[in-house]
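Chain by chain, the residues:
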Amino acid sequence: MKETSKFRELREAVRKDRSAQDASKRVKITIGMGSCGLAAGARETFAALLRAIEREGVEDVVLFPTGCQGLCSEEPLVTVETEGQRVVYARVDAETAERIVVDHLVKGRVVAQHLLMMGEAAVAA
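This one's a predicted model, so the numbers in the text were calculated from it and none came from an experiment. (Residues numbered from 1 in each chain as written. Predicted model: local features only at pLDDT ≥ 70, side-chain atom pairs only at ≥ 80, totals over all residues. Heavy atoms only, no water.)

A few words on the packing of helix α3 (residues 42-56) against helix α4 (residues 94-106). Across the interface, α3 lies against α4 with an axial gap of 8 Å and an inter-helix angle of 35°. Of the two elements, α3 crosses α4, and the hand of that crossing is right-handed. Listed contacts from α4 to E44, T45, A48, L49, R51, A52, I53, R55 and E56 of α3 are A94, A97, E98, V101, V102 and V106. Taken together, the residues of the contact of α3 with α4 sort by class into nine nonpolar, one polar and five charged. (Axes fitted to C-alpha atoms, helices over the stretch in contact; angles between N-to-C directions. Helix = DSSP H or I, 4+ residues; strand = E, 2+ residues; numbered from the N terminus. Left-handed = near helix turned anticlockwise from the far one by under 90°. Contact = heavy atoms within 4.5 Å. Nonpolar A, V, L, I, M, F, W, Y, C, P; charged D, E, K, R; others polar.)

A few words now on the sheet that holds strand β3 (residues 78-82). The five strands lie next to each other as β2-β1-β3-β4-β5, forming an open sheet whose pairing is mixed. Each edge of the open sheet is held by one strand with a lone partner, namely β2 (61-66) and β5 (115-120). Across the sheet, the axes of successive neighbouring strands diverge by a mean angle of 15°, strand direction being ignored. Alignment of strand β1 (residues 27-32) against β3, held across five bridges, turns out to be antiparallel. The residue bridging I29 from the neighbouring strand is V80, located in β3. Running at roughly 20° to β3, α4 makes contact with β1, β2, β3 and β4 (85-89) of the sheet. (Pairing = 2+ DSSP bridges.)

With that out of the way, let us pick up α3. The end-to-end C-alpha distance of α3 is 21 Å, a good match for the 21 Å that 15 residues give at a rise of 1.5 Å each. By the burial criterion, the buried members of α3 are A42, T45, F46, A48, L49, A52 and I53. When α3 is viewed along its axis, its buried side chains cluster within an angular range of 165° and face the same direction. Exposed residues on α3 whose side chains face more than 90 degrees from its buried face are R43 and E54. Of the surrounding secondary structure, the elements contacted by the buried residues of α3 are β1, α2 (35-39), β2, β3 and α4. Note on α3: the residue one or two positions beyond its end, G57, has a positive phi of about 70°. (Expected span 1.5 Å × (residues − 1). Buried < 20%, exposed > 50% of the residue type's maximum accessible area, 1.4 Å probe, protein only. Arc of directions from axis to C-beta.)

Structure follows, in C-alpha cells:
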C-alpha cells in the first residue's frame, strides 16, 4: 500500500510541475491522435510539427496529443490556441504542419486552405 501511495504522490507532483510549465507558454497546440487520427497520419503530422518548431526556433509552445475530437473525417485535426484565439485546422499532413508553424506561429497568418474553425479560446493559452 505504501508504494502505491508514494507513486500517486509522485505522479501528482509531476502533473503540477507540467501544468505550471505549460501555463507559461504563449501557444498551446493539440493534435488529435485517437485511432481515427492515427489512421489518417497524425504521427507524421506530430513529428513534422516538432521538427518545424525546433527548426524555426519557436520556444513558447507546448505541443501534446489528445484523443478523438469527434470529426473523424477531418483528421488529423490540429488546434492552435494563442492569447484567447483558437484555430482548428483539418486534414493536416506533414507539409501542412510545417506551414502552420511558419505561417501561423512565426508570421501570424492563418493557413486558410486547412481552416476548419476559428474563434475564442475556451481557456486563455
